[in-house]
Amino acid sequence: KGYSQPDVDALKQAAEDLYNKIGSDTGLYTFLASVNFTLVEYKDREEYLRKTHEPNWSHAVTAGKAIYFYPDPDLMPTLAHQMVHLIFQSYLGDKAASNKWLEEGLAMHEELSKVTEGDRTAYLDSKTSQLRQNRMPFSQMTFFVTNTEEKRRTDAWYQQVESVVTYLLSQGSALAFAQMLSDLKSGVDIDRALSDAYPAKFRSLNELESLWKYTI
């Protein structure tokens, strides 16, 4: 939904491309084919802030099965991030809250795939420095939740969960990732979900942590 048909048509194609990429990355093809989400583009930042009551730094917000946003040069990365929130929460339902690190890690992974080369380089430089100095034990990482996404590209927790999820995606097929999410959705704990989905790689979150450390 938007103010002009040309804008809506262009946005629709871009959103479909993002949607398909997330489906390809996560293996959730069948699920994504069965659900619909709404995108609402406000005229400008002023209208967005007035109608959503979001803080001044916000560019987009997810509510229910919709994303609300305004035209912005950084829109595609932001939209990719918010789209992961929609999909993850819709798929996992009440299990999403206990897997926030996984949700935010995937959201950051998709966001970074759409940033400019300059922004990506700056992010990677910051991440390398942060993780080598401020790496968080997984026992803490999986329960820690930040209060705001305002500084997510420079925040150590966001950088770490992105790094872990990106590593996990590189260790098997998209269907393996989908298997893990399916297990989590059914109520299986993360150790069992990892061992089911990546039997030749990890038997637990501790093993994932031990191997991931060597990549930073």
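Residues numbered from 1 in each chain as written. Predicted model: local features only at pLDDT ≥ 70, side-chain atom pairs only at ≥ 80, totals over all residues. Heavy atoms only, no water.

A. Representation of the overall build of the chain in the model. Scanning the chain for helices and strands turns up eleven helices and three strands. Its helices and strands taken in sequence order, the chain reads α-α-β-α-β-β-α-α-α-α-α-α-α-α from the N to the C terminus. In summary, the chain has a C-alpha radius of gyration of 17 Å against a globular reference of 17 Å for 216 residues, a match within 12%. If you line up the chain on its principal axes, its C-alpha atoms span 50 × 40 × 30 Å. When the 216 residues of the chain are sorted by exposure, 47% land in the buried category. Once local pairs closer than 6 in sequence are excluded, the contacts in the chain between residues at least 24 apart make up 63%. (Helix = DSSP H or I, 4+ residues; strand = E, 2+ residues; numbered from the N terminus. Rg over C-alpha atoms; globule rule 2.2 N^0.38 Å. Buried < 20%, exposed > 50% of the residue type's maximum accessible area, 1.4 Å probe, protein only. Contact = heavy atoms within 4.5 Å.)

B. Quick look at the sheet that holds strand β3 (residues 66-69). Strands sit in the order β1-β3-β2 across an open sheet of three strands; the sheet is mixed. Of all strands in the sheet, those bounded by a partner on one side alone are β1 (38-41) and β2 (60-63). Going across the sheet, the axis of each strand differs from the next one's by a mean of 20°, ignoring polarity. Judged from the four bridges that link them, β1 and β3 form a sheet pairing that is parallel. The residue bridging E41 from the neighbouring strand is F69, located in β3. (Pairing = 2+ DSSP bridges. Axes fitted to C-alpha atoms, helices over the stretch in contact; angles between N-to-C directions.)

C. Summary view of the side chain of E103. By secondary structure assignment, the location of E103 is in helix α5 (residues 100-112). Of the polar contacts made by the side chain of E103, one reaches the side chain of H85; its length is 2.6 Å. Each residue touching E103, except ones within four places of it in the same chain, is listed here: V84, H85, F88, Q89 and A96. (Polar contact = N/O pair within 3.5 Å; in protein donor to acceptor, adjacent residues only side chain to side chain.)

D. Geometry of empty space enclosed by the protein. Throughout the structure, instances matching the rule amount to one cavity of 30 Å³ or more. As a volume, the largest cavity reaches approximately 60 Å³. Lining the largest cavity, in full, are I22, T26, L28, V84, I87, F88, Y91, L92, L106 and L181. Every element with two or more residues in the lining of the largest cavity is listed here: α1 (5-26) and α4 (75-92). With five residues, the top contributor of residues to the lining of the largest cavity is α4. Split into classes, the residues belonging to the lining of the largest cavity amount to nine nonpolar, one polar and no charged. (1 Å grid on protein atoms, 1.4 Å probe; cavity = no way out; pocket = protein on both sides within 12 Å on 5 of 7 lines; lining within 4 Å. Points joined across faces, edges and corners; volume = space filled by probe spheres on them. Nonpolar A, V, L, I, M, F, W, Y, C, P; charged D, E, K, R; others polar.)

E. Representation of the layout of surface pockets. Of the pockets and cavities examined, the largest pocket occupies roughly 350 Å³. For the lining of the largest pocket, the secondary-structure elements that each account for two or more residues are α1 and α4. Considering only residue class, the lining of the largest pocket consists of nine nonpolar, one polar and three charged. Estimates place the volume of the second largest pocket at around 310 Å³. As for the second largest pocket, its lining consists of 20 residues, and the residues nearest its centre are W57, A60, Q82, E149 and R152. Where the lining of the second largest pocket is concerned, the elements lending two or more residues are β2, α4 and α5.

That's the geometry; what it means functionally is another story.
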